Every structure is written in C-alpha cells, then in structure tokens.
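# Structural description and commentary
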Amino acid sequence: YQRLRLILGDQLNAAHRWFRKKDDRCLYLIAELLQETNYVRHHIQKLCAFFAAMASFADALKQSGHDVLYLTLDDTASFDDLPALLRHVTEKYGITDFEYQQPDEHRLQQQLLKPSLGSGITINRYESEHFMLPFDELESYFTPGKAVRMEAFYRKMRKRFDILMEGDQPAGGQWNFDSDNRQSLKKADLAEIPEPILFANPVTDILQRIERHQVAHFGVPTDPLIWPVTRKQSLQVLKHFCRYCLPSFGRFQDAMTADSDHRWSLYHSRLSFALNTKMLHPKQVIEAAIAAWQASPDTITIAQVEGFVRQVLGWREFVRGMYWANMPEYRSMNHFNARRTLPAFFWTGETHMRCLQQAVSQSLDFAYAHHIQRLMVAGNFCLLAGIDPDQVDEWYLGIYLDAIEWVELPNTRGMSQFGDGGLVASKPYAGSGNYINKMSDYCRGCHYNVKEKTTENACPLNSLYWHFMLRHRDQLAVNHRTGVVYKGWDKRSNDEQRAVLDRAEWCLENLDTL
Ligand code: FAD
C-alpha cells in the first residue's frame, strides 16, 4: 500500500469524500485502542457501542470494496499509544502517505499534529465533513476567552444555512418557542409516551475482550446492546423519532418522570451517539425533522421542530466552537474554586434524594440521561454542593454513551458548573427543589420534603441553593439574571437565614449520606 488512512472511532462517516472512489493502494485503519478505553473510566455500554459501531463500519467499507485493517485490542494492546501503532503500521505496509480526518478532541489532535512517522512520509489532514461549520471556519465565530451567546450564534446558523427561514425572517415569525415548551407531564400524559426503539446487537466478543485486557469500566452491561451501531439502525432511530417523538419533543423537552417505566427517554431522540460517531450527519437529521413537520403540520407544530433544530444546529455546533476556541485552558477552569469530592452515590445511585437516585440509576442502567436530568438534577446538585469540576467532568465523560470531550466539556464544566465563569452560559443553572418539583414527579415519592428548607427532612437542594447563592453573592448579585433573588433572601429574618444555612452546612458535611 502507498496510503494509510486512519479512521477514528467517532469518524464513522460513510458519506465522507474518502469513500467515493476505490483505491487499491489505499489501506484504511480502524483500531480499538487501550488509550481510548482508559483516558477516563467509561460505562461498559459505551465501550461496547463504540467497538461494535467501529467493527460494523469496517465491515460496511469492506463490503463496498475498500481495503480495511481492523485491529482489536488483542492486536494493539502492546502499543503504548496511537502514534506508536501508526509507526508500526506505516512501516509494515511500506506507507508513503498518511492521511487522517480532523479529530474532534484536542487530545487526539495533539497526537496527530506531528506523529513522527519516520522520514519520507507525507501527512495530510482532511476535514471530517461532519459538522455544519467547517473546522477551519470556527475562528471566525469564536474567540478564545470571549463569551458567545448561543442564541446569537444560532440565528446566524439559521440564516447561513437557510434553515427554518422565510426569506430573512424566522419561519413562524419567532426565533424561539421556548415559552410554548417547557411543560411538565401530567398523569394522563404518561400513557402516551412512545416506547423507545431498541436493538439487539450481540457484544459477547467485545465484552470478553474488555475483560481480557482488564479495561476498567462501570455501569450495567447489556448483551445484546440496545443502542444503534450501524448507519441503518441509526436511520431507524431517526425515523422513529420523527414519527413518534417529534410531535411532542419541544413541549416535554424539560419534563422528567419516575413513572415512565421502560419509556425512559420520553420524547427525546436518543440520536446523540449516532450523531457523535458520525453515523448520521446533522444536516440529514435536521432535514428529516423539517420534512416530517412539513408533511404533518397538523400533528407537528413549529415549536416542536424549532426546539429540535435549536439543539442540533444551535447547541451542538455552538459547544464545539467554544471547545476549540478555549482548549486546552478550558479543561482546568474552575471559576467558583469548587473543591468538594463527588459523593459516592454518583457511582451507585444509592441516595435518598429521589431525583438523583432516578437520574443516576438510569444513567448507570442505560448510559443515557436526557438533557434536564443532566443539567438540572446531576449538574445542579454538583454546582450547589461545590463539587470539584474535574470530578464532575470525569463522571460525565465516562458515563454517557454520547460523551466525547468536545461536547461533554463545554456542557459540563461550562453550562452546568459555570466553571468557565460565563463563556458558555450567561448565568449558573442553579435551582432549588422547587424547580425539580415543577418539572417532574420525582419529589412525590421522595424521602425528603420539597416544601421544607431547614428541618432534617427538608429537601437538601433547598438549603444548598441558598448556600450557593450566598457563597458567590459578590458575583451573582451583579448579574442581572440572578441578582433579583437576593431581595427575597434579605427580607427573611436573621434566624430564618441562619437555619437555612445551618441545614446547608450539615448537608455539605454529610453529602455521602444524603
Ligand atoms: P435530544 O434531546 O433528542 O436532542 C437532540 C440532539 O441535539 C442530541 O442528540 C444532541 O446531538 C443535540 N443536543 C441537544 N442539546 C445539546 C447540547 N447542550 N450540546 C450539544 N448537543 C446537544 N451531549 C452529548 O452529545 N455528549 C455529551 O457528553 C453531553 N454531555 C452533557 C453534559 C451536561 C452536563 C449537559 C447538561 C448536557 C450534555 N449533553 C451532551 C447535551 C445533551 O444533554 C445530550 O446531547 C442529549 O441529552 C442526548 O440525548 P438525545 O439524543 O435524546 O437528545
């Protein structure tokens, strides 16, 4: 072979220009790597899903006539890292041209910048052709250390790609339909929630390999695996979403319930893994949702489809831009100087707080939680309790099937922990038990009382919320979005204030027992 082309585990993009022509002198390399299994401790389903998707992609490429070298952990375990493996493969096959696609993670980009492959080897980088915004254009939208507002960025994207536009105006006359959305689920709504589409992908060999190489992992293993690992399965998830979930996607986007039984993903798409591995393209996903809306305007309103497009065209592209503009500094930002240890119940789900018990257990069971569970249950707790963002990131990066650093880090350290001091979010997403009670039925069966603040029985979030707001009063009082809450606090008597803070102090000293 003359040319070696590296395909990383999250670069399973069959539509990439590389694959348009067959070339007998070109060898594609897809490799399971120990370095990818242990840069953080991953959920077992995440390890299985990545390896299964990589292997299916290799098979599909072979079937369409390309030469593919698929290496399992058994083949690669003796190499220290990716560059060492690349040196070996280029030498073994007498390669003169090494090519790779722009990685989405800083860690891999660093490894591929100068992989020291021996003299005489030409190295070429290609665009990954996955995102709406080309990599090399990110700098014209994002500046290191500068806050960018998602809403402004999103509107630019809508205009630039002419998505949900009527001329230069937003379709439906509004950019944002959030006020129509954000409903909680009533008892009568529960029976209507569609069942998620699940697959039965065998992963026995992969599980054995993971054990054989003593890869550290956690979470509940499933064999077969329920997640999509091929393009065909990913398209089925997309179709299922457009048909059954999109009609209520926006409306119940922020809702949570403990009563949903097997319907744990509610009206969410569960497309993040398929998107992040590039089995699906964001444009394809956006177009499918818009086509479904246009075909059934009676069942799907614009508020639903706009809510979805906002996530994919807005948030997803936005966090990627923020990541690249601010790495590697972003990884160690800790605006509130949060230093507490993540409570052990994040790894077991064993807590009396029902909201956390639900969100964490579901994450351990399925390697999945929807956005509000991540932001306003697990994330909110860590923010209020002042958990070290390194530990928070480690948890999020490991537990979710869709967690890849470029998207996990700005969401976790930025949006949910405000560790970046407001680059991603204009205010900390802090809420008391009241928010959880409004958006979910979690509080109903909880050990704690959401209406109380100071008693032994009081929902810990209620006092922790005030402790957080007062710990950072200097900064938050001047923020016009958070400043108003102090008026209510200042009207309370000293005794009342003391009792709330005492309860919070007790909770902070006993986080593990909550
Ligand atoms: P849906 O609710 O159906 O949304 C549709 C799609 O929009 C998602 O598949 C996703 O691709 C995109 N999207 C929605 N919100 C965001 C967002 N804030 N940032 C980027 N894309 C978004 N998403 C990840 O893909 N990987 C992560 O590691 C990740 N970590 C997160 C950590 C925290 C603390 C928070 C608050 C959010 C995180 N998200 C992450 C964003 C979001 O929660 C998930 O994308 C979503 O829950 C995936 O489920 P879904 O496919 O059913 O999403």
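Quick summary incoming for the structure in this document. None of the values given here were measured: they were computed from a predicted structure. (Residues numbered from 1 in each chain as written. Predicted model: local features only at pLDDT ≥ 70, side-chain atom pairs only at ≥ 80, totals over all residues.)

Turning to the overall build of the chain, a few remarks are in order. Summing up its helical and strand segments, the chain has 21 helices and 9 strands in all. In summary, the chain has a C-alpha radius of gyration of 24 Å against a globular reference of 24 Å for 514 residues, a match within 12%. For the chain, the spread of C-alpha atoms along the three principal axes comes to 80 × 50 × 45 Å. Counting only residues that meet the buried cut, the chain has 48% of its 514 residues in that class. Sequence-distant contacts, at least 24 apart, represent 77% of the contacts inside the chain between residues at least 6 apart. (Helix = DSSP H or I, 4+ residues; strand = E, 2+ residues; numbered from the N terminus. Rg over C-alpha atoms; globule rule 2.2 N^0.38 Å. Buried ≥ 20, exposed ≤ 12 C-beta atoms within 10 Å, placed from the backbone. Contact = placed C-beta atoms within 7 Å.)

Around the ligand lies a shell of 28 residues, among which His268, Ser269, Gln311, Ala403 and Glu408 are the nearest. Elements with a contribution of two residues or more to the shell around the ligand: helix H10 (272–276), helix H12 (302–326), helix H14 (371–385) and helix H16 (405–416). When grouped by side-chain class, the residues that make up the shell around the ligand number 11 nonpolar, 12 polar and 5 charged. Mapped onto the domain boundaries, the shell around the ligand takes at least three residues apiece from domain 2 (139–202 + 226–326) and domain 3 (344–513). (Near = placed C-beta within 6 Å. Nonpolar A, V, L, I, M, F, W, Y, C, P; charged D, E, K, R; others polar. Domains from an automatic or database assignment.)

The set of residues buried in helix H4 (residues 82–92) consists of Leu82, Leu85, Leu86, Val89 and Thr90. Angularly, the buried residues of H4 cover 125 degrees about the axis, an arc narrow enough to put them on a single face. Exposed positions of H4 whose direction lies more than 90 degrees from the buried face are Glu91 and Lys92. Positive backbone phi, at 60 degrees, marks Gly94, one or two positions downstream of H4. (Arc of directions from axis to C-beta.)

With that settled, consider the nonpolar core. If you look at soluble globular proteins, the nonpolar side chains tend to sit buried side by side. Core analysis: the largest hydrophobic core is formed by 144 residues, its most contacted members being Ala49, Leu246 and Ala289. Of the residues forming this core, the biggest block, 12 residues, is contributed by helix H2 (residues 44–63). Discounting chain neighbours no more than four positions away, the residues touching Leu246 are Phe241, Ala289, Ala292, Ile300, Gln304, Val305 and Phe308. (Core = buried A, V, L, I, M, F, W, Y, C linked by C-beta atoms within 7 Å.)

On the secondary structure map, Ala14 appears in the loop between strand E1 (3–6) and strand E2 (26–31). Sequence separation between Ala14 and Lys278 is 264 residues; the distance between their C-alpha atoms is 8.4 Å.

Attention shifts here to helix H8 (residues 204–212). Those residues of H8 that sit buried are Ile206, Arg209 and Ile210. With its buried residues spanning 100 degrees around the axis, H8 presents them on a single face. Facing away from the buried surface of H8 by more than 90 degrees, the exposed residues are Thr204, Gln208, Glu211 and Arg212. One or two residues past the end of H8 sits Gln214, with phi positive at roughly 50 degrees.

Moving on: the packing of H2 against H8. Look at H2 against H8: their axes get within 10 Å of each other, and the N-to-C directions meet at 120 degrees. Taken as axis vectors, H2 and H8 run oblique relative to one another. As for how H2 packs across H8, the hand of that crossing is right-handed. Between H2 and H8, the residues in contact are Leu47, Cys48, Phe51 and Ala52 and Ile206, Leu207 and Ile210, respectively. By residue class, the composition of the contact of H2 with H8 is 7 nonpolar, no polar and no charged. (Axes fitted to C-alpha atoms, helices over the stretch in contact; angles between N-to-C directions. Parallel < 35°, antiparallel > 145°, perpendicular 65-115°, else oblique. Left-handed = near helix turned anticlockwise from the far one by under 90°.)

The analysis is restricted to geometry; functional conclusions fall outside its scope.
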